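Overview (structure and organization)
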There are 2 protein chains.
Amino acid sequence: MFGMMQDRPLVVSMLLERMEGRFRGKEIVTAQADGVMRATFGDVADRVRRLVTVLDGLGVPADARVGTFGWNTQRHLELYVAVPSSGRVLHTINHRLFAEQLTFIVNDAADDVLFIDRSLLPIVWPLMKSFTTVRQIVVMDDGDSAEIPDDPRVRDYETLVADAEPANDQMFAVHDERSAASLCYTSGTTGQPKGVLYDHRSIILHALMLQTADAFGLGESDTIMPVVPMFHVNAWGLPYAALMCGAQLVMPGTATAPAELLGQIEQHSVTFTAAVTTVWRGALQHLGGHDLTSLRHIVCGGGAVPLSLSRAYDEAIGQPLRNAWGMTETSPVVTCAYLPPRTQLSREDARDLLAHPGVALPLTQLRVVGSDGKVVARDGKSTGELQAAGATIAAAYFGQSGPSASSSFTDDGWLRTGDVATIGPDGQLRIVDRTKDLIKSGGEWISSVELENEIMGHGDVVEAAVIAVPDDKWGERPLACVVAAPGTMLSPELIRQHLAGRVAKWWVPEQVLIVDEIPKTATGKFSKVALRDSVLGLDAT
Amino acid sequence: MFGMMQDRPLVVSMLLERMEGRFRGKEIVTAQADGVMRATFGDVADRVRRLVTVLDGLGVPADARVGTFGWNTQRHLELYVAVPSSGRVLHTINHRLFAEQLTFIVNDAADDVLFIDRSLLPIVWPLMKSFTTVRQIVVMDDGDSAEIPDDPRVRDYETLVADAEPANDQMFAVHDERSAASLCYTSGTTGQPKGVLYDHRSIILHALMLQTADAFGLGESDTIMPVVPMFHVNAWGLPYAALMCGAQLVMPGTATAPAELLGQIEQHSVTFTAAVTTVWRGALQHLGGHDLTSLRHIVCGGGAVPLSLSRAYDEAIGQPLRNAWGMTETSPVVTCAYLPPRTQLSREDARDLLAHPGVALPLTQLRVVGSDGKVVARDGKSTGELQAAGATIAAAYFGQSGPSASSSFTDDGWLRTGDVATIGPDGQLRIVDRTKDLIKSGGEWISSVELENEIMGHGDVVEAAVIAVPDDKWGERPLACVVAAPGTMLSPELIRQHLAGRVAKWWVPEQVLIVDEIPKTATGKFSKVALRDSVLGLDAT
């Protein structure tokens, strides 16, 4: 027997009703090279409707992929809504990848048209001849001075939008919420990047989950600044959540230098912002010069939050950093840092708890599976591979026929995250390590993440990464690469003294290298692959 | 092209994972005649699993309706989860209806088995012979002394649960989220009651919406006491939301007298509670005797909130009453009272705004349609019939083949609510009246709701209801029935003086009756039908 509720699919175009109704006066502010671009949600909705017509006019096939090379901007937001609403697939592309990867991704997705910020033309245009499916380019002029190619395939965004008629509701083509809405490739630390194809349902459910009180609690009183790029897993879903709940949006555009970000928080009274650790570490030294009292929540993702960094924020501006956990494959937010109610924690203990991934959002499930294939106890101690399930979690990669085509999914349809983790009785997730980053020394595991966190707790350390190096006696031993703060006198011996008593004696690395910087992936995470290459002079696998 | 996210239906049984995992230690407390019943969510989950087996053991067919006659209790909560998870349909029944209505409802739903609180046996058992489909009765012993019939069809809840094996996950039979989960009949102020058949999807989406920051913002830090009955639209969805977010639950059972309710709020540090206006009016005189500082949110639904009552609460305990709007057909919450951010309101203006329905939740849509069939402007002035759409809103009534079978739904699938309303530019909904309660005097409309609110603003008035009476000259004129506070000297003339200057002169009713009480429907709302019957001595239609 079926229920008798209305058949209303969860689709991206439903956001338009809120943008045009209750929230039509809300503002989105974008920093541009030539000044600030401002618009209301009502304006954006009108441009979204025109953009749907533009896609038709360009002859983009019904469910084609529409690639974007863009910063966090209003125009990118318009594409976020228009492309899926038109029935096509928004394919956001990370312009920081290597040229070969960009070519692979555009061709693998078979993008029909690319929307490109003018400032990114110098990266993308030279690759045009390597793209096998791209018919047209639409340039979004962000005030940069990059030359716009004189080529019949190149169109201007603003001209197209101005000349187009707004689409009506009947032109929003999606009636099945399982239809593909957007596509994002994993950053691919090993092997070729793999595409994750989100459906409309997962985008709407994820936006709703971010608004729940115990998640990010996003609402109309917020002003959200997504620093996390819009080419990276839908900017963690924040733009869609903002449009649904009527939060104002501040888009940093190309103004992503630490002082510029802080200036925008101050100028626009941002309440909620999110970025990877590297960004917050870079901004630390600039905190003093800004009034940041509007902030209520700073998400620090993409890895563990160094407690020392969070403490520095808390002491400087009264806001600790709050971790969240997710992956490209998980929409991405699955857990967010969380202080359980009715518990008495010292400020330091609270900061420590908030520096960890936290608990699973409604509609998502996590389990930790041991090497014997059995789910381990939720005791905060038993480790194993973290696996995830839910309507916001991938079942397969783009272009694969099903879960069985990949070792990333279990037989019963859960995502294998590749993280080693524990879950506590209260649901608190702790990431112990990446499966491939664990160090096996003398038959026992050493957590590179834990070692890194302890080393980064030293006041003179800016960053630290630990990798495994082959060892004749122990099999593997940890090697630490450490970036020292300017003007300090850090030495390997000081690091080893710092670690003594903080970790087991046999965890202390014999080899500590003081280096200028830790190589990063295109999404700002430590690149263990590149680090192994440069330190060991061999290809890591 | 379809997305590649996991196929995870939104079904009631997904709540078990949270009850058994992260929230297993959360408590539910039930007031019983013979003392307090306490259990953890983990205990409840175990009993839910046994209850699924019990339903199988009783031979209840795969998608049969399971009727309940119950107060707000832990056992009723167990049925809320177990019955839908087993694939069957939970049919909650309002025991305050007339005998003929109860018989109609049970037979219309074709209930296979009834679960009945012992204290309600005297109401239900005498009707047993009129029930054509009920094969068995399961008695939930709530400590009452009502005689339990010595009959082979009568079983004991606790014995059945204790003797059953817990069901495993494979026994949760629902794989399509559009499957029917529960059934509730409208209170039927006119005509026969009509059943609304909720699906699993609507229950889960509704529970999620209640957790959003700008709705009720329910979370783990809450202790929720649903006073609104569990037989009435899933107790406004609060039990399901509580299980999803880990809020503790306080169930008043039969202890629904005002002083008892306040005592439970104080004893269990309730943070969130919800009831109809009548309950809060009754509790007003007892506020002084209790420490109610734990409360953060009091929902007052089932009609407009009298501003004078809200003011009295705010002055006594620092919490105004907050309105919400919905119907049996809408799961039920569609709007909740809301203060827009960044506005400076006086305390009185804020109370006034919170006394109104507020704004639509995410995933729901409202529109006001004029008599010409066109959607009216969102200007806060243009009135028309309120219509609703969304995945949590009914498309048809139980037993009907489709929307076209009823005038309650539009051709394009929206619910016609029967309320006359305006929507403001900021999305704020105002209910002007029920379509059938408007008074047409001299060709102009008079709002009975507005008149009632003004009259109830008089300090000596306890309750007031306004109906239309035929008038030779004007067509219709308003007639007010007013209940005076004990010991006051209220007169029709004093009411008319109070209204002068507060409403248009021609709105002031010539006829004002001072009465002992206003007749109520089974859900505590003013029964205009019964009032017309008694005042006019004729059958209202």
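Please refer to the structure placed before this passage.
Rules behind the numbers
- Residues numbered from 1 in each chain as written.
- Chains lettered and ligands numbered in written order.
- Predicted model: local features only at pLDDT ≥ 70, side-chain atom pairs only at ≥ 80, totals over all residues.
- Heavy atoms only, no water.
- Least-squares fit on C-alpha atoms with pLDDT ≥ 70 in both.
- Contact = heavy atoms within 4.5 Å.
- Pairing = 2+ DSSP bridges.
- Helix = DSSP H or I, 4+ residues; strand = E, 2+ residues; numbered from the N terminus.
- Right-handed = clockwise from strand over helix to strand, strands pointing away.
- Buried < 20%, exposed > 50% of the residue type's maximum accessible area, 1.4 Å probe, protein only.
- Buried area = accessible area lost by both parts, 1.4 Å probe.
- Salt bridge = Lys/Arg side-chain N within 4 Å of Asp/Glu carboxyl O.
- Nonpolar A, V, L, I, M, F, W, Y, C, P; charged D, E, K, R; others polar.
- Phe/Tyr/Trp six-rings, centres within 6.5 Å; stacked < 30°, edge-to-face > 60°.
- Lys NZ or Arg CZ within 6 Å of the ring centre and 35° of its normal.
- Polar contact = N/O pair within 3.5 Å; in protein donor to acceptor, adjacent residues only side chain to side chain.
- Arc of directions from axis to C-beta.
- Core = buried A, V, L, I, M, F, W, Y, C linked by side-chain atoms within 4.5 Å.

1. Observations concerning the relation of the copies chain B and chain A
When chain B is fitted to chain A, the best match, at an RMSD of 0.1 Å, comes from turning it 180° and sliding it 0.0 Å along the axis. When the rotation and shift are considered jointly, the pair of chain copies conforms to a two-fold rotation axis. Among all residues of chain B, the one whose C-alpha sits closest to the rotation axis is B:Thr212, at a distance of 2.0 Å. The fraction of interface residues of chain B whose copies in chain A are also interface residues reaches 100%, indicating that both copies meet through the same surface.

2. Concerning the pairing of strand β25 (residues 511-515) of chain B
Residue and element names in this part refer to chain B. One ladder, built from 5 bridges, connects strand β24 (residues 475-484) with β25; its direction is parallel. By the bridge assignment, Val483 is partnered in β25 with Val515. Assessed by its sense of winding, the connection that carries the chain from β24 through helix α15 (residues 492-499) to β25 is right-handed.

3. Some thoughts on the environment of B:Ala181
All names here are of chain B. Mapped onto the fold, Ala181 is located in strand β8 (residues 180-185). A relative accessible area of 0% means that Ala181 is categorised as buried. In this structure the C-alpha to C-alpha distance between Ala181 and Arg153, which are 28 residues apart in sequence, comes to 25 Å. When near neighbours in sequence (up to four residues on either side) are disregarded, Ala181 contacts Pro84, Arg88, Val89, Leu90, Tyr198, Asp199, His200 and Ile203.

4. Details of the environment of A:Ile116
Here A:Ile116 shows up in strand β5 (residues 111-117). Along the primary structure A:Ile116 and A:Asp142 are separated by 26 residues, whereas in three dimensions their C-alpha atoms are 9.7 Å apart.

5. Describing the interface of chain B and chain A
In this complex, chain B contributes 81 residues to the contact, which on the side of chain A involves 81 residues. Both faces considered, chain B and chain A share a buried interface measuring about 5,900 Å² in area, 53% of it formed by carbon and sulfur atoms. Ranking the residues of chain B by area buried against chain A places B:Met1, B:Met4 and B:Met5 at the top, with a combined share of 15%. Here chain B is connected to chain A by 6 salt bridges. B:Asp7 is the partner of A:Arg178 in a salt bridge, and the nearest nitrogen-oxygen pair spans 3.1 Å. Tallying contributions element by element places helix α7 (residues 200-211) of chain B first for the side of chain B that touches chain A, with 7 residues. When its residues are assigned to classes, the side of chain B that touches chain A shows 39 nonpolar, 21 polar and 21 charged.

6. Some thoughts on the sheet that holds strand β13 (residues 297-301) of chain A
Residues and elements named next belong to chain A. Read across the open sheet, the 9 strands follow the order β2-β1-β11-β10-β12-β13-β14-β15-β16; overall the sheet is mixed. Unpaired on one side and paired on the other, β2 (35-40) and β16 (359-360) mark the two borders of the sheet. In terms of strand pairing, strand β12 (residues 272-276) meets β13 through 5 bridges, oriented parallel. In the strand pairing of β13, Ala275 is matched with Cys300.

7. Thoughts on the packing of aromatic side chains
All names here are of chain A. One pass over the structure, following the stated rule, counts 12 aromatic pairs over all chains. Measuring from centroid to centroid gives 6.2 Å for Trp280 and Tyr313, while their planes differ by 75°, and the two rings are edge-to-face. Linking Trp280 in helix α11 (residues 277-283) with Tyr313 in helix α12 (residues 307-317), this pair joins segments that are 33 residues apart in sequence. As far as burial versus exposure is concerned, Trp280 and Tyr313 are alike and both buried. The ring of Trp414 has Arg367 lying over it, and the distance from NZ or CZ to the ring centre is 3.9 Å.

8. Some remarks on the side chain of A:Gln428
All names here are of chain A. For Gln428, the position within the fold is in the loop between β19 (415-423) and β20 (429-434). Of note is the side chain of Gln428, whose polar atom sits 3.1 Å from the backbone oxygen of Tyr338. Ignoring any residue separated from it by four or fewer positions in sequence, one finds Gln428 in contact with Tyr338, Pro340, Leu353, Gly358, Val359, Thr422 and Ile423.

9. As for helix α13 (residues 347-354) of chain A
Residue and element names in this part refer to chain A. All of the buried residues along α13 are Ala350, Arg351, Leu353 and Leu354. In a view along the axis of α13, the buried residues occupy a sector of 160°, so they form one face of it. Buried-residue contacts for α13 involve α12, β14 (321-326) and β20.

10. Focus on the nonpolar core
The nonpolar side chains of soluble globular proteins are, as a tendency, buried together. Formed by 189 residues in total, the largest nonpolar core has its most connected members in A:Phe115, A:Phe216, B:Phe115 and B:Phe216. Filtering out sequence-adjacent residues up to four positions away, B:Phe216 remains in contact with B:Leu210, B:Leu238, B:Phe272, B:Arg296, B:His297, B:Val299, B:Ala324, B:Val333 and B:Cys336.

11. A word on the pairing of strand β8 (residues 180-185) of chain A
Residue and element names in this part refer to chain A. A large share of β8 lies buried, amounting to 6 of its 6 residues. Pairing geometry for β8 and strand β9 (residues 195-199), over 5 bridges, is antiparallel. Its bridge partner lying in β9, Tyr185 is registered against Gly195.

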